[in-house]
Amino acid sequence: MRGPIARLCRLFGMLALVVTLTTAGCQTLKNGLSQKLTHWKMLDDKALDDPIQAVGGDGIVFVPEQMSSPLTRHQLAQASPEVLVTYYSPIFVQQKVDSRAQKYPYPPEYDMIGEARLKREADGKLTSYVAGSPKVYAIVKKLPIDGSDHYQLTYTAWYPAHPRMKAFDLEEAEIDSCVLRVTLDIENAPLFYETIAACGCFHKVFVQKWIEDKDRAVYGPPEKDKKYCVERNVKDAIHWEVAGLVDEPREQPRRPVVFLKAGEHRVFGMGSAARLRMPPVALQHKYEMTSYAELYEVAVDGTNERAGFFDMKNGGKVRGGERRKEKFLMSFVGVDDAGRPRADDQIKLHFDQDDWNNPAIYGKYLRLPPGTLSLTSYLDK
């Protein structure tokens, strides 16, 4: 009985914490949870020298089918959206572990990104699942940010599940995800990168090193309790965490490299392929990149029917992707179906504090140097 009793004690302890903090105010609770649950140590640029060793000695490197040659800033400035989304398609370095040695083993395929699929259950209900060859779903948008039009490239990779990693794992559920968004300057070179889970959890920002360097020259040291100058303290809100800097030649930027934890699928490092020493071909798995629009017209197994990977009648949430324990606990502070993956245009940030697709968020949460998002040309300097 020791195991069940211990789990009950942890559950009641967490409930007591939620109730106690709720009486102090929802914002206090959300800030506290953000600090406690969403911050962890990141790999530095040395990880690019030997990415497999950096993730613990065992890993898979998911690479795009089309590995394009380097382009100059002049070429990028004239590139089409189709060229840009291919050129910046990321490399994912996925950590692997022998989970048989862990307290809670899980199938190794849970750390393999795959294809979004649909099946109909015996009761007629549609259920989403992930299987098959590696696939990444991409979105290209051009939108005004701080008065200038910028391309944003979003890449989503789906995993079969988030396995149980601990005794009381709020995130244990079918279907997991990693979302990467790249915001380009007006000449189509990267400014900053964001990573997030499709549920809106674990939002991280990585900025180009030159932005941080310019920030220090303009503003001096970071604000109170901040590591980087580009981070901003925002009153009565969960602050954004700048998790690292990406250092690459400004004249010839390359695709991003994303490091991911085994099981949890959390991002724990980011760098540029310009500095990456590629692992042996035997460790590389090519992925197919396709349009995110395909997720709204997925073939249902064994039928001629097509339907959405997301239930658009239920807030664009992934069918069957509930995190029941997390949903229950976070309902006390008004978070809608916490932890459940959803369509890109339905993602909320930081416990539903902001919309993922609101272009005004950058000026609010990042202290960018003057002119970063303007029409000032790097090439003319």
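Provided above is the structure to which this section pertains.
Attention here is on the structure that accompanies the text. (Residues numbered from 1 in each chain as written. Predicted model: local features only at pLDDT ≥ 70, side-chain atom pairs only at ≥ 80, totals over all residues. Heavy atoms only, no water.)

### What about the pairing of strand β12 (residues 267-272)?
To keep it simple, the criterion reads: Under the scheme applied here, a residue whose accessible area is under 20% of the maximum for its type counts as buried, over 50% as exposed, and between as partly exposed, the area being computed with a 1.4 Å probe on protein chains only. Think of it this way: any DSSP run of H or I at least four residues long counts as a helix, any run of E at least two long counts as a strand, and we number them from the N terminus. A strand pair is defined by DSSP finding two or more bridges across the two strands.
Of all six residues in β12, six are buried, a share of seventy percent or more. Both strand β11 (residues 256-260) and β12 contribute to a ladder of five bridges, which runs antiparallel. Bridging from a neighbouring strand, V257 pairs with G271 of β12. As consecutive antiparallel partners, β11 and β12 are separated by six residues, and within that stretch G263 has a phi angle of approximately 75 degrees, a positive value.

### Things to note about the side chain of R342
Note the threshold: N or O atoms closer than or at 3.5 Å make up a polar contact, with two conditions inside protein: a donor-capable atom paired with an acceptor-capable one, and, for residues adjacent in sequence, both atoms drawn from side chains. Contacts are assigned to residue pairs with any non-hydrogen atoms lying within 4.5 Å of each other.
Inspection of the secondary structure assignment puts R342 in the loop between α7 (324-330) and β18 (348-349). Polar side-chain contacts of R342 include one of 3.2 Å to the backbone oxygen of R340. Discounting residues that sit within four places of it in the chain, R342 has contacts with A198, C199, Y292, F310, G315, G316, K317, V318, D336, D337 and I347.

### A word on the pairing of strand β6 (residues 148-162)
Burial of β6 is extensive: 14 of the 15 residues sit out of reach of the surface. The hairpin formed by strand β5 (residues 135-145) and β6 contains two residues between the paired strands, and D146 there has a positive phi angle of roughly 55 degrees. Bridging between β6 and strand β7 (residues 173-184) involves ten bridges; their strand directions are antiparallel. The residue of β7 that forms the bridge with T156 is V179.

### Here's the deal with the pattern of salt bridges
Selection rule: In the sections that follow, a salt bridge refers to a side-chain nitrogen of Lys or Arg positioned within 4 Å of a carboxyl oxygen of Asp or Glu.
Taken as a whole and judged by the stated rule, the model has 20 salt bridges. Salt-bridge contacts for R117 lead to E115; the nearest nitrogen and oxygen are separated by 3.5 Å. By relative accessible area, E115 is classed as partly exposed at 25%. Here E115 makes a salt bridge to K135, at a shortest N to O gap of 3.6 Å. Residue E115 is located in strand β3 (residues 115-120), and its partner K135 is located in strand β5; the two are separated by 20 residues in the primary sequence. Looking at K135, the relative accessible area reads 9%, which means it is buried. Taken together, the shared-partner salt bridges connect E115, R117, K135 and E294 into one network.

All quantities given are derived from atomic positions and should not be read as evidence of function.
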